[in-house]
Every structure is written in C-alpha cells, then in structure tokens.
Amino acid sequence: MNRSVWTCALALLVLVALLLAGCESGGSLKIINRTSYPLYSWIRGQYYTVPTDSSLLLDFSTPTQSVFNPDTGVDVEMYLAGETFQIWDAFDETYVDSTTVWINTGKTTKVYADPNRACVKVVNQSTQWIKKIIVQRNTVSTSVTLNYDVYLGPGESWFRQQNPATPTSQFFYLVQVIFENDDVLTFGDNQNILYADDQFLVTVPPQE
C-alpha cells in the first residue's frame, strides 16, 4: 500500500474517531428551589415535590448530537408552581403554572425558582368542611376581594399564591373561612402585610 493510501486511511480513521467522540445523546433538567416553601411539579406523567433549599434532577432521551447536527434536543412540558413561586410569562404579562422547556443534548438545563409571590395557606384542623375561602387585599382606601370555592375537609390544606407587597405598594390581607353550615371565621389584621416569600398560615381550630 503506497503512502497516499495510508494517509487517506489514517485521515479516515481520525475522522471516524472524531465523529464517535463528538456524538452525545440525552439531556437533563434541574429544578432548583430557592424559596422558603415546597415546589410542586408534574412532568411527563410523574408528580414531584421539591423541598426548600433543594433541587430535582431529571434525565431525558434526546436525538443524538454530532458535529454535523450539533443543535439537538427535546421540548418538555413542565407544570411547576410553589407556595411562593409562579412562572412569569413575559409575553402575556401574567403568571402561569406550566411552560415548555428545551432540553439540549449533552447539557443540563437549569430552572431557578426564586420567590416572586406571597401566599395564603389554610389548614383545616376543625371537624367541619370548609366550602369557601375569601381573601381580601386591603389598603387604607381600597379593597380587592378574591372568592375561592373549595371543598376542604378535616385535616386537609389549601393554598393560593397572592400579590406581594413592596416598599412602595403596601396592603394587608384578611382571610374569611366559610363552613358548610355558613359559620364564618375571620383571620388577619391591618398589620398582616405579606412580601415575596411570605406566607399567611391560617390554622382553622376545632369547632366547639
């Protein structure tokens, strides 16, 4: 075999080695909880809870990446919400609970959940069912009322994210709990100001 043939064969072997070395498949999603409360996620039929100050790492199959096809990956539908976190949709300028995440082949896509919401959480320690929860957001001169129809049994809990106060926008929260027999309990006062990552925990006591 002459020198030119050896050179071509060697070049071909080097090319094959480079192609094999550059081929990757699979990617990862890492959800990082930087709030003071749990995150809840639903991804591809599986439910996950991510405790505070912890993370969740998930692996996904993706198309194989090569030097000829370097930009491979897969879209993953993700539900993600926390007691003091929601996804902000900048396009529609609203909070949402689900989005699509692109997972690059050979890489880890990181999602940082930083606190951006306040929270009202109700824990029913009574023996009665709760049928409605009313959340009032009040300033000195205005009031916004949010009505939630629920079916909250003894021992169960419920939460909803709320708008947080800021140094230039101050308001306080009141919460009314309405039982099936129409009894009403009110919680909170004008000092109950909630900032981002604050939670108003309403523990409904046993009824006499």
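Note that the structure is predicted; figures quoted are calculated from it, not measured.

(A) How the structure looks around the overall build of the chain. Looking only at helices and strands, the chain features one helix and 16 strands. Buried positions account for 37% of the 208 residues belonging to the chain. Looking at the chain alone, contacts between residues at least 24 apart form 65% of all its contacts between residues at least 6 apart. For the chain, the exposed area adds up to about 12,200 Å²; of that, 54% sits on carbon and sulfur atoms.

(B) Quick look at the confidence of the model for the chain. The predicted model of the chain has a mean per-residue pLDDT of 89, with 85% of residues at 70 or higher. Scored below 50 in pLDDT, residues 13-21 shows two contacts in the model against residues more than four places distant or in partner chains.

(C) Expanded view of unusual backbone geometry. Non-glycine residue aspartate 53 carries a positive phi angle of around 55°. Tracing the chain through its elements places aspartate 53 in the loop between strand 3 (46-50) and strand 4 (55-60). Look at aspartate 53 and you get exposed, because its relative accessible area is 68%. One non-glycine residue, aspartate 182, adopts positive backbone phi at about 75°. Within the secondary structure layout, aspartate 182 lies in the loop between strand 14 (172-179) and strand 15 (184-187).

(D) The environment of serine 98, seen in detail. Here serine 98 shows up in strand 8 (residues 98-104). Assessed through its relative accessible area of 44%, serine 98 is described here as partly exposed. Spatially, the C-alpha atoms of serine 98 and alanine 81 are 7.9 Å apart, while their sequence positions differ by 17 residues. With near-sequence residues (within four places) excluded, serine 98 lies in contact with Met78, Tyr79 and Ile87.

(E) A look at the sheet that holds strand 16 (residues 199-204). The sheet built from three strands is open, its strands ordered 13-10-16 with mixed pairing. If you trace the sheet from one side to the other, it starts and ends with strand 13 (157-162) and strand 16, each paired once. Recorded for the sheet is a direction-independent mean angle of 15° between the axes of neighbouring strands.

(F) How the structure looks around the sheet that holds strand 14. The strand order 12-11-14-15 describes an open sheet built from four strands, whose pairing is antiparallel. Because the sheet does not close on itself, it has two edges, and the strands there are strand 12 (143-152) and strand 15. Taken over all neighbouring pairs, the strand axes of this sheet differ in orientation by 20° on average, direction set aside.

(G) Expanded view of the packing of aromatic side chains. If you walk through the whole model with that rule in mind, you get six aromatic pairs. One residue, arginine 117, lies across the ring of tyrosine 95, its end atom 4.1 Å from the ring centre. Of note, arginine 137 hangs over the ring of phenylalanine 171, and the distance from its end group to the ring centre comes to 5.6 Å.

(H) Fine view of the pattern of salt bridges. Using the criterion set out here, one finds four salt bridges in the structure. Glutamate 83 is the salt-bridge partner of lysine 121, the closest N and O atoms lying 3.3 Å from each other. Remark: glutamate 83 occurs in the loop between strand 5 (73-82) and strand 6 (85-89) and lysine 121 occurs in strand 10 (residues 118-124); sequence separation between them is 38 residues. Glutamate 83 matches lysine 121 in its accessibility class, with the two residues each being buried. With a closest N to O distance of 3.8 Å, lysine 132 and aspartate 149 form a salt bridge. With lysine 132 in strand 11 (residues 130-138) and aspartate 149 in strand 12, this pair connects stretches of sequence that are 17 residues apart.

What counts and what doesn't
Residues numbered from 1 in each chain as written. Predicted model: local features only at pLDDT ≥ 70, side-chain atom pairs only at ≥ 80, totals over all residues. Heavy atoms only, no water. Helix = DSSP H or I, 4+ residues; strand = E, 2+ residues; numbered from the N terminus. Buried < 20%, exposed > 50% of the residue type's maximum accessible area, 1.4 Å probe, protein only. Contact = heavy atoms within 4.5 Å. Areas by Shrake-Rupley, 256 points an atom, 1.4 Å probe, with all protein chains shown as cover. pLDDT = per-residue confidence, 0-100. Pairing = 2+ DSSP bridges. Axes fitted to C-alpha atoms, helices over the stretch in contact; angles between N-to-C directions. Phe/Tyr/Trp six-rings, centres within 6.5 Å; stacked < 30°, edge-to-face > 60°. Lys NZ or Arg CZ within 6 Å of the ring centre and 35° of its normal. Salt bridge = Lys/Arg side-chain N within 4 Å of Asp/Glu carboxyl O.

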